[in-house]
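For reference, the chains in residue letters:
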Amino acid sequence: MVIGKRPSGEIIGISFHAIGLPTADLTAAERPYAVTRDTFLLLLDEFAAHPEVELSFDDGFASDVETALPALTERGLSATFFPVAARLGRPGFVDLAGLRALNTAGMTIGLHGMRHRSWRGLDPEAEREELVLARSLIAEAASADVTSVSCPFGSYDRKVLRTLREYGYQRVFTSDRRRARAGAWLQPRYAMMAHDTVRTVRDHVLTARPLHERTRRAATSKVKAWR
């Protein structure tokens, strides 16, 4: 979205992961979400024309700083970045200087956990590592308050959501592929994938979905939140 503008009503949350040819080794689960640099720039130009779009970047790949940041700045756009704390400074991932550069440029820094694992079913020690220790590490590294989280793999249940509320997180981002309400605590998003193009995004993301599809996706989200 354009820096300084925050739309009311519906939000179309868009999440990116690795961009271009990452130097980090991608897992089998991460490869389908890696988009080429050219595709990313085309999609960014498309999203720049839609003030209802809210951009975010998961996993903390080095391309967040090397590719995404200059492209966003050039277009006057802002985004939220969700790095994984234990990956900071590893080859192919954002380092401390990169996190501070994102914050200095006016980007928002959130949390994607400590070790990129599902938060469902964690024991108390692992839960604290993921949601408390990782938060403090990211906040210190970025010199920024961390008040938003992105659920790894888009996985959550009512215990996860209750815990996130208890820890005071102000917004929780998921991957439920539906529109969100501006200002809502829970923010579903559409994750961009390797096969996406401007055409597929126009047809399946930016164009309002049929009522039956919106109803089905909302019901799926409610089931996840209450299981």
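Residues numbered from 1 in each chain as written. Predicted model: local features only at pLDDT ≥ 70, side-chain atom pairs only at ≥ 80, totals over all residues. Heavy atoms only, no water.

With respect to the overall build of the protein chain
The helix and strand inventory of the protein chain stands at seven helices and nine strands. Expressed as a percentage of the 227 residues in the protein chain, the buried residues total 52%. Sequence-distant contacts, at least 24 apart, represent 70% of the contacts inside the protein chain between residues at least 6 apart. Only carbon and sulfur atoms are counted for the fraction: they give 53% of the accessible area of the protein chain, which is about 10,800 Å². (Helix = DSSP H or I, 4+ residues; strand = E, 2+ residues; numbered from the N terminus. Buried < 20%, exposed > 50% of the residue type's maximum accessible area, 1.4 Å probe, protein only. Contact = heavy atoms within 4.5 Å. Areas by Shrake-Rupley, 256 points an atom, 1.4 Å probe, with all protein chains shown as cover.)

As for helix H2 (residues 63–75)
If you check H2, its first and last C-alpha atoms are 17 Å apart, about what 13 residues at 1.5 Å a residue would give, namely 18 Å. Where H2 bends most, the angle comes to about 35°, and this point is Leu69, followed within four residues by the proline Pro70. Looking at H2, one finds that the buried residues are Ser63, Asp64, Thr67, Ala68, Leu69, Ala71 and Leu72. Close packing links the buried residues of H2 with helix H1 (37–48), strand E2 (53–59), strand E3 (80–83) and helix H3 (96–104). (Expected span 1.5 Å × (residues − 1). Bend = angle between axes of the 7 residues up to and from the residue.)

A few points about the packing of aromatic side chains
Taken as a whole and judged by the stated rule, the model has seven aromatic pairs. Aromatic pair Phe61 and Phe93: ring centres 5.1 Å apart, planes at 20°, arrangement stacked. Taken together, the residues Phe61 in the loop between E2 and H2 and Phe93 in the loop between E3 and H3 connect sequence positions 32 residues apart. The burial state of Phe61 is the same as that of Phe93; both residues are buried. Through a chain of ring-to-ring contacts, three or more aromatic side chains come together here, namely Phe16, Phe40, Phe47, Phe57 and Phe81. We note Arg165 situated over the ring of Trp185; from NZ or CZ to the ring centre the distance is 3.7 Å. (Phe/Tyr/Trp six-rings, centres within 6.5 Å; stacked < 30°, edge-to-face > 60°. Lys NZ or Arg CZ within 6 Å of the ring centre and 35° of its normal.)

Points about the nonpolar core
One finds Ile14, Phe16, Phe40, Phe47, Leu55 and Met192 to be the most contacted residues of the largest nonpolar core, which totals 53 residues. In terms of residue count, the dominant contributor to this core is helix H4 (residues 124–142) (six residues). If we ignore the near neighbours within four places in the chain, the residues touching Phe47 are Ile14, Phe16, Val53, Leu55, Met192, Val201 and Leu206. Grouped together as the second largest cluster of nonpolar side chains are six residues, Ala18, Ala24, Ala34 and Phe93 included. (Core = buried A, V, L, I, M, F, W, Y, C linked by side-chain atoms within 4.5 Å.)

As for the packing of H2 against H3
Closest axis-to-axis distance for the H2/H3 pair is 10 Å, and the angle between their directions is 25°. Compared by their axis directions, H2 and H3 come out roughly parallel. Helix-helix and strand crossings are classified by hand; for H2 and H3 the assignment is left-handed. Residues Asp64, Val65 and Leu69 of H2 lie in contact with H3, whose contacting residues are Gly98, Ala101 and Leu102. A breakdown of the residues in the contact of H2 with H3 according to their chemical character gives four nonpolar, one polar and one charged. (Axes fitted to C-alpha atoms, helices over the stretch in contact; angles between N-to-C directions. Parallel < 35°, antiparallel > 145°, perpendicular 65-115°, else oblique. Left-handed = near helix turned anticlockwise from the far one by under 90°. Nonpolar A, V, L, I, M, F, W, Y, C, P; charged D, E, K, R; others polar.)

Points about H4
Helix length check: H4 (19 residues) gives 26 Å between terminal C-alpha atoms against 27 Å at 1.5 Å per residue, within 8%. The axis of H4 is deflected most strongly, by about 30°, at Ala134. For H4, the complete set of buried residues consists of Ala126, Glu127, Glu129, Glu130, Leu131, Ala134, Arg135, Ile138, Ala141 and Ala142. In the core, the buried residues of H4 are packed alongside E3, H3, strand E4 (108–109) and helix H5 (158–166). Here H4 starts with a cap whose side-chain oxygen sits 3.1 Å from the backbone nitrogen of Glu125, and that cap is Asp123. (Polar contact = N/O pair within 3.5 Å; in protein donor to acceptor, adjacent residues only side chain to side chain.)

Points about the environment of Tyr167
Looking at the secondary structure, you find Tyr167 in the loop between H5 and strand E6 (171–173). Between the alpha carbons of Tyr167 and Arg128 there is a distance of 9.9 Å; along the sequence they are 39 residues apart. The residues contacting Tyr167, other than those within four sequence positions of it, are Glu127, Arg128, Leu131, Val132 and Arg135.

Section: the sheet that holds strand E5 (residues 148–150)
The strand order E5-E6-E8 describes an open sheet built from three strands, whose pairing is parallel. With one partner strand each, in any of the chains shown, E5 and strand E8 (186–187) form the two edges of the open sheet. Judged from the two bridges that link them, E6 and E8 form a sheet pairing that is parallel. Note that in E8 the partner of Phe173 across the bridge is Gln187. (Pairing = 2+ DSSP bridges.)

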